[in-house]
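Fold and geometry: a report
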Amino acid sequence: MDLHRVAGLLVITAFCGQSQDAPAPLNLNGILVQCSNESRPRECHNSQVAMRLALEAIRPALRDWRFVVVPDNRWAQTCATFRLERCVLAFSHLGIRATYLNSRLANLVEGPHWDEELARFTPLTGMPRLEWVLGHELGHILCGTAAEDIAEDAGNRMRRSSSHEVTCLQTDRFQAGSHSTLLVRR
Ligand SMILES: [Zn+2]
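What counts, and where the lines are drawn
Residues numbered from 1 in each chain as written. Predicted model: local features only at pLDDT ≥ 70, side-chain atom pairs only at ≥ 80, totals over all residues. Helix = DSSP H or I, 4+ residues; strand = E, 2+ residues; numbered from the N terminus. Buried ≥ 20, exposed ≤ 12 C-beta atoms within 10 Å, placed from the backbone. Contact = placed C-beta atoms within 7 Å. Expected span 1.5 Å × (residues − 1). Arc of directions from axis to C-beta. Axes fitted to C-alpha atoms, helices over the stretch in contact; angles between N-to-C directions. Parallel < 35°, antiparallel > 145°, perpendicular 65-115°, else oblique. Left-handed = near helix turned anticlockwise from the far one by under 90°. Nonpolar A, V, L, I, M, F, W, Y, C, P; charged D, E, K, R; others polar. Core = buried A, V, L, I, M, F, W, Y, C linked by C-beta atoms within 7 Å. pLDDT = per-residue confidence, 0-100. Pairing = 2+ DSSP bridges. Right-handed = clockwise from strand over helix to strand, strands pointing away.

**Digging into the overall build of the chain**
Within the chain, the secondary structure is distributed over 6 helices and 6 strands. The N-to-C order of helical and strand elements in the chain reads α-β-β-α-β-α-β-β-α-α-α-β. Here the chain holds 186 residues, and 31% of them are scored as buried. Intrachain contacts of the chain at a sequence separation of at least 6 include 62% that bridge at least 24 residues.

**Some words on helix α6 (residues 148-160)**
Helix length check: α6, at 13 residues, gives a terminal C-alpha distance of 18 Å against a target of 18 Å (1.5 Å per residue), a fit within 8%. The complete set of buried residues in α6 reads I150, A151, A154, G155, M158 and R159. Along the axis of α6, the buried positions cluster into a sector of 155 degrees, meaning they face one direction only. Turning to α6, the residues buried within the fold contact α2 (41-58) and α5 (126-143).

**Some remarks on the packing of α2 against α5**
The N-to-C vectors of α2 and α5 enclose an angle of 60 degrees; their axes lie 9 Å apart at closest approach. Considering their axes alone, α2 and α5 lie oblique with respect to each other. Handedness of the crossing formed by α2 with α5: right-handed. Counting all contacts with α2, which are made through A50, L53, A54, L55, A57 and I58, the residues of α5 involved are M127, L130, E131, L134, G135 and L138. Along the lines of polarity and charge, the residues of the contact of α2 with α5 split into 10 nonpolar, 1 polar and 1 charged.

**Focus: unusual backbone geometry**
Unlike most non-glycine residues, N29 shows phi in positive territory, near 50 degrees. Here N29 is to be found in the loop between β1 (26-28) and β2 (31-35). Despite not being glycine, R59 shows a phi value in the positive range, around 50 degrees.

**A short note on the nonpolar core**
M51, V69, Y100, L101, A106, L130 and V133 are the most contacted members of the largest nonpolar core, which totals 31 residues. Listing elements by their share of this core, those giving two or more residues are β2, α2, β3 (65-70), β4 (90-93), β5 (98-102), α5 and α6. Among the elements that line this core, the one with the most residues is α5, at 6 residues. When neighbours within four sequence positions are excluded, V69 is seen to be in contact with C35, S39, C44, S47, M51, L101, S103 and A106.

**Some thoughts on the confidence of the model for the chain**
Summarising the model, the chain shows a mean pLDDT of 83, and 80% of its residues fall at 70 or more. Taken together, the stretch residues 172-186 has pLDDT below 50 and engages in 33 contacts with residues farther than four places along the chain or on a different chain.

**Digging into the pairing of β4**
Of the two faces of β4, the one holding A90 and S92 and the one holding F91 and H93 are both buried throughout. Here 4 bridges tie β4 to β5, and the two strands are oriented antiparallel to one another. Paired with F91 across the bridge in β5 is Y100. Adjacent in sequence and paired antiparallel, β4 and β5 are bridged by 4 residues, among which R97 carries a positive phi angle near 50 degrees.

**Concerning the pairing of β2**
Where β1 and β2 come together, 3 bridges link them in antiparallel fashion. Following the sheet pairing, L26 is matched in β2 by V33. Between β1 and β2, which pair antiparallel and follow one another directly, the connecting turn spans 2 residues, one of which, N29, has a positive phi of 50 degrees. Across 5 bridges, the pairing between β2 and β3 is parallel. Its bridge partner being in β3, I31 is matched across the sheet by W65. Crossover connection from β2 via α2 to parallel β3: handedness left-handed.

In structure tokens, the structure reads:
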């Protein structure tokens, strides 16, 4: 079974399986923010609000893209479905124009326990962490690259630029070969 077929099945499942109580996908000028099924309505709503605030701050030049927030207890299965080499907390699939995020990244309320895995991922917390993650993924998407350094650089520039334009560095010193972004060429 090829990757497109697997991904397509997942998307169909996600739409059909959405509970009636789950908030509808949020449409931000052509960018959809939705929760996978199994998401609890209140958590989904909070995630969508956080994602909207972060995307409004970054203002990416992007249309026809979906951001899917997946509950932490379903994240390992999501990684397995997409056959990620390493189950990182966010990844983008350029073929189906979607970015998947572990719901912990969109949870802006810090719990009583230290989240060691997130702390290893980045020292940032709350909204700055979400904006950083989205900026990085948008770097992959808008630069059309799997190279981590190019995506990181583009994301950082985008977040700091008042023009919100994306700049994609292309030099030999950047290494391609990402675990977190799947490049599927038709
Ligand atoms: Zn990356």
